[in-house]
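As a plain string of letters, each chain reads:
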Amino acid sequence: MVLVNENYLRLQGRYLFSEIAGKVNAYKVSHPEVKMISMGIGDVTRPLSGAVVDAMHKAVDEMGSAKTFRGYGPEQGYRFLAEKIIENDFESRGIHLTPDEVFVSDGCKSDMGNIGGILGIGNIIAVTDPVYPVYVDTNVMDGRSGPQNGNGSWSNIVYLPCTAENNFVPALPEKPVNIIYLCFPNNPTGTTLTVDELRVWVDYALATGALILFDAAYEAFITEKNVPHSIYEIEGAKRCAIEFRSFSKTAGFTGLRCGYTVIPKELVIKSSTGEDVTLNFLWNRRQTTKFNGVSYVTQRAAEAVYSKEGRAQCTENIAYYLENASLVRKNLLDMGFEIFGGINAPYIWFKTPNGQDSWSFFDRMLTEVNLVGTPGVGFGPSGEGYLRLTAFGSRENTIEAMNRFQNWTL
């Protein structure tokens, strides 16, 4: 008899965004005449830049010739891409890394889900609340969560509330923790930490021996000067933090799939017998066993993001989405909503009117004005009473969505 991993049975029936898609699709089937505008799932809509497409065509041609064909590539990623990443994303900010500290992958979601495989099950994790569901769900799968509480939280997970009352800046844990998930600019709230606020977390991790898993997937959307783009801008962070990045939102790679994870070689944790263990070595061992690497064609496409033309084209796309965010933010503020985010991130986080719960307001938006958002409670208990909108739609749809809001009787 085959037995299941019981941890999977603890999870809700569907992943948050799959549940939303199910509701939307069911409504579309019964109302085929409506024009639905989605501002829920954070998928981009602008096409790949010309420089990226040209690089892919060239790489495909190389794969079609015996002289330039490539088979299995390095599981860690090609050096040509790692060097461009270091030069443009880190050295430009005074951060020194070596190519073997950069691991190219198919995106942040996969790496943040898989990193738990090299970390002990007995570790206590802390997450900001609200939080990207992958951080929590993958720890449930790994067996770290404990049983679920009545409010949807998990008994062995430490939640760090981020609310309007604390300006969405999480306080340090009141009890000892081993692993801390931080995402800034934040998904879902769109808020950020300053350099000094992030330094508090690095100092805490260094003092306690905790490990920070830092999701920097939205760093390219930062517009304010005192907001760090990398945790490694903080002194000492290489000894306590892993950083995850993605080309999905910055370069439109949501369908192409490419990202990377940085694990400094000086980042050391302990075995159960007290021996020092280098995380860089363990992650490399994991990747060479369980991952075949990102395709050569895709990595050449990612390399082109750093070309002069590619950078200009990607910057233009990011500006487009930020203008959408500004438009949504202004319109909702003018209507009297309590708004957060939309300045350093493509997400707008707003309080539902008249004390409505998140799912009820989601349902009303869906059925009354045919707009799709993401219920805040899906990101954690502190998200109840909020909704997340994304700025990744077309300008036309964004303007129409705001017109629908303005004409809606709330």
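Every chain's residues receive numbers from 1 upward, in the order its sequence appears when written. With the structure being a predicted model, the display of local features is reserved for residues of pLDDT at least 70 and the display and counting of side-chain atom pairs for 80 or more, all residues being used for whole-chain, interface and lining totals. By convention in this description, side-chain values take in all heavy atoms of the structure and omit both hydrogens and water.

S.K.: Any details on the nonpolar core? Residues and values, ideally.
M.R.: With 75 residues, the main nonpolar core has L332, L389 and F405 as its most contacted residues. Tallying contributions element by element places helix α10 (residues 308-334) first for this core, with 7 residues. For L332, the contacting residues outside a window of four places in its chain are F337, I339, I348, F350, L389, M402 and F405. Put simply, buried Ala, Val, Leu, Ile, Met, Phe, Trp, Tyr and Cys residues joined by side-chain atoms within 4.5 Å make one nonpolar core. The buried label goes to any residue with under 20% of its type's maximum accessible area, the exposed label to any with over 50%, and the partly exposed label to all in between, with areas taken from a 1.4 Å probe on protein chains only. Among the nonpolar cores identified, the runner-up in size contains 54 residues, and F90, I95, A126 and V158 belong to it. Strands are runs of DSSP state E lasting at least 2 residues, helices are runs of H or I lasting at least 4, and numbering of each runs from the N terminus. Whether two residues touch is decided by their heavy atoms; if any such pair falls within 4.5 Å, the residues are in contact.

S.K.: With reference to specific residues and values, describe the packing of aromatic side chains.
M.R.: Side-chain rings of Phe, Tyr and Trp (the six-membered ring for Trp) are treated as a pair once their centres are within 6.5 Å; stacked means planes under 30 degrees apart, edge-to-face means over 60, and tilted covers the remaining angles. Summed over all chains, the structure comprises 28 aromatic pairs. On the basis of an interplanar angle of 75° and a centroid distance of 6.0 Å, the ring pair of F247 and Y306 is categorised as edge-to-face. In this pair, F247 sits in the loop between β7 (241-246) and α7 (248-251) while Y306 sits in the loop between α9 (296-304) and α10, placing the two residues 59 residues apart along the sequence. Under the relative-accessibility criterion, F247 is labelled buried at 3%. On the basis of relative accessibility, which here comes to 9%, the residue Y306 falls in the buried class. On the basis of an interplanar angle of 80° and a centroid distance of 5.0 Å, the ring pair of Y321 and F392 is categorised as edge-to-face.

S.K.: Describe in detail the sheet that holds strand β14 (residues 374-375), supporting the description with residues and values.
M.R.: Here the rule is simple: two strands pair whenever DSSP picks up at least two bridges between them. Taken in spatial order, the 4 strands line up as β11-β12-β15-β14 in an open sheet, and their pairing is antiparallel. A single partner strand is all that each edge strand has here, and the edge strands are β11 (339-341) and β14. Note that strand β12 (residues 347-351) and strand β15 (residues 386-390) share 5 bridges and pair antiparallel. What sits directly across from F350, in β15, is L387. Contacts between helix α11 (residues 358-368) and the sheet are confined to β12, β14 and β15, with β15 contributing the most and set at about 45° to the helix. Here, axes are lines fitted to C-alpha atoms. For helices the fit covers the stretch in contact, and angles between N-to-C directions go from 0 to 180 degrees.

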